[in-house]
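# Results of the structural survey
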Amino acid sequence: MATAKLSNLRVLVTRPADRSGEFAAALGSAGATVVLQPLLDIAPLSSPEHDAAIQKSRRLLMDLDRYQQLIFISVNAVQYGLDQIEQYWPQWPLGIQVYAIGAATAAALAERDIRVHQSAPAMNSESLLASDDLQCLKNSKVLIVRGVGGREYLAAELASRGAEVDYVECYQRSRPDIGGGQLRALLLQHRINVVSLNSGETLNHFTELMGAEALNYPVLLPSARVADIAREQGYRQIIQADNAGTTASLAALANYAENNH
């Protein structure tokens, strides 16, 4: 992508602090001005608040060899989930098909020497569910590794195909300690003209912090599902990427820049 392609864009990147580097660097290389302000924090589960989830995860992971499919929702699920799995399974159990949502998640698994079963990265739950191997799951046991809470769509669809589905919840998401006034000042100081919001949860945090002023900003969103949430909230300038990956996000921004600047 030519350096000047995004030169008129001043983008606020709101991904978690340790997950924004690749995207921020790509934006900078494409000519955009980049400002980092996480609107989502990721941390391991804490005691006593999450004792029940911790105990449940321990019990399920000790029985990992009873599952036929293991699905990692995110890079964070790989980081925190594999750290737990390796406590109980120094040798990976045989016969488990591992799936990843997102190219970054698949790459994180590969870095830990875990083979991902699907031939191409599934960029969201919907594309993963289109995998041939996940169509008929009668008598199959599926374990999903994720953070606390989140969408139930994937599990519900797998269950409708006959699977018995369990969750291992191994990390928590929260809003960073930033007030609406601080965020507003940052946006004005850097004359931000696009806000990148990588999930429905981050979109909600931005809306809560900024109130009605949030609706004045063009927002880069990772999917039709999150775009629908934004429309329901009243956003008028929506830049919808095909998925949350860097390539798709840059393509959506390039199209926006070409048509609006």
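Nothing here was measured: the structure is a model prediction, and the numbers come from that model. Every chain begins its residue count from 1, and numbering advances along the sequence as written. Only residues with pLDDT of at least 70 get local features here, since the model is predicted, and only at 80 or more are side-chain atom pairs given and counted; chain-wide, interface and lining totals rely on the full set of residues. Note that the side-chain values use all heavy atoms of the structure and ignore hydrogens as well as water.

### A word on the overall build of the chain
Looking only at helices and strands, the chain features ten helices and eleven strands. Relative to the globule expectation of 18 Å for 261 residues, the C-alpha radius of gyration of the chain, 19 Å, shows essentially globular dimensions. C-alpha extents for the chain along the principal axes are approximately 55 × 40 × 35 Å. Counting all 261 residues of the chain, 50% fall into the buried class. Of the side chains in the chain, 22 bear a positive and 27 a negative charge, and the two mean positions are spaced by 3 Å. Note on conventions: DSSP H or I runs of at least 4 residues are helices, E runs of at least 2 residues are strands, and numbering of each starts at the N terminus. Atoms considered for the radius of gyration are the C-alpha atoms alone. The globule rule reads 2.2 Å times the number of residues to the power 0.38. Three exposure classes are used, based on accessible area relative to the maximum for each residue type with a 1.4 Å probe and protein chains only: buried under 20%, partly exposed in between, and exposed over 50%. His is not counted, nor are the chain ends, whereas Lys and Arg count as positive and Asp and Glu as negative. Think of each charge as sitting on NZ of Lys, CZ of Arg, CG of Asp or CD of Glu.

### Digging into unusual backbone geometry
Leave glycine aside and you will find that most residues have negative phi; peptide bonds, for their part, are mostly trans. Backbone geometry places Asp-113, a non-glycine residue, at a positive phi of 65 degrees. Take Asp-113: it is sitting in the loop between helix 4 (103–111) and helix 5 (125–129). Its identity as a non-glycine residue notwithstanding, Arg-191 has a phi of 50 degrees, on the positive side. Within the secondary structure layout, Arg-191 lies in the loop between helix 7 (180–189) and strand 9 (194–196).

### Structural notes on the sheet that holds strand 4 (residues 69–72)
For two strands to count as paired, DSSP must find a minimum of two bridges between them. Taken in spatial order, the four strands line up as 5-4-6-7 in an open sheet, and their pairing is parallel. A strand with exactly one partner marks an edge of an open sheet, and here the two such strands are strand 5 (97–100) and strand 7 (164–169). Strand-to-strand twist across the sheet, computed as the mean angle between neighbouring axes with direction ignored, equals 20 degrees. Two residues qualify as a contact provided that any one of their heavy atoms is within 4.5 Å of a heavy atom in the partner residue. Axes, fitted as lines to C-alpha atoms, cover a helix only where it is in contact. Angles between the N-to-C directions of the axes lie from 0 to 180 degrees. Each of strand 4 and strand 5 touches helix 4; the most contacted strand, strand 5, lies at about 135 degrees to it.

### Some remarks on the packing of aromatic side chains
Only Phe, Tyr and Trp rings take part, Trp by its six-membered ring, and two of them pair if their centres are within 6.5 Å. Stacked means planes under 30 degrees apart, edge-to-face means over 60, and tilted covers everything else. According to the stated counting rule, one finds two aromatic pairs in the structure shown. Aromatic pair Phe-206 and Tyr-217: ring centres 6.3 Å apart, planes at 80 degrees, arrangement edge-to-face. Of this pair, Phe-206 sits in helix 8 (residues 200–210) while Tyr-217 sits in the loop between helix 8 and strand 10 (219–221), placing them eleven residues apart in sequence. Across the pair, Tyr-217 and Phe-206 agree in class, each one buried. Charge over a ring is defined by NZ of Lys or CZ of Arg lying within 6 Å of the ring centre and within 35 degrees of the ring normal. Stacked on the ring of Phe-23, the Lys or Arg Arg-15 has its end atom at 4.3 Å from the ring centre.

### A short note on the nonpolar core
Working definition of a nonpolar core: buried Ala, Val, Leu, Ile, Met, Phe, Trp, Tyr and Cys residues. They are joined through side-chain atoms within 4.5 Å. Core analysis: the largest hydrophobic core is formed by 27 residues, its most contacted members being Leu-70, Phe-72, Ile-85, Leu-109 and Leu-143. Put simply, the parts of the chain that give this core at least two residues each are helix 2 (51–62), strand 4, helix 3 (75–88), strand 5, helix 4 and strand 6 (141–146). When residues of this core are assigned to their parent elements, the largest contribution, five residues, is made by helix 3. Leave out the neighbours within four places in its chain, and Ile-85 touches Leu-61, Leu-64, Leu-70, Phe-72 and Trp-92. Core analysis: the next-biggest nonpolar cluster, separate from the first, contains 23 residues, Val-35, Leu-187, Ala-214 and Leu-221 among them.

### Re the environment of Val-148
Following the sequence through the fold, Val-148 ends up in the loop between strand 6 and helix 6 (153–160). Overall, the relative accessible area of 30% leaves Val-148 in the partly exposed class. Dropping the residues within four chain positions of it, Val-148 is found in contact with Leu-45, His-50, Glu-169, Tyr-171 and Arg-173.

### Observations regarding the side chain of Ser-20
Examined against the element boundaries, Ser-20 turns out to sit in the loop between strand 1 (10–13) and helix 1 (21–29). We classify Ser-20 as buried; its relative accessible area is 4%. A polar contact is formed between the side chain of Ser-20 and the backbone oxygen of Ala-17, at a distance of 3.4 Å. What Ser-20 contacts, discounting residues up to four positions off in sequence, is Val-13, Arg-15 and Leu-36. Any pair of nitrogen or oxygen atoms within 3.5 Å is treated as a polar contact; in protein, a donor-acceptor pairing is required on top of that, and neighbouring residues in sequence qualify only through side-chain atoms on both sides.

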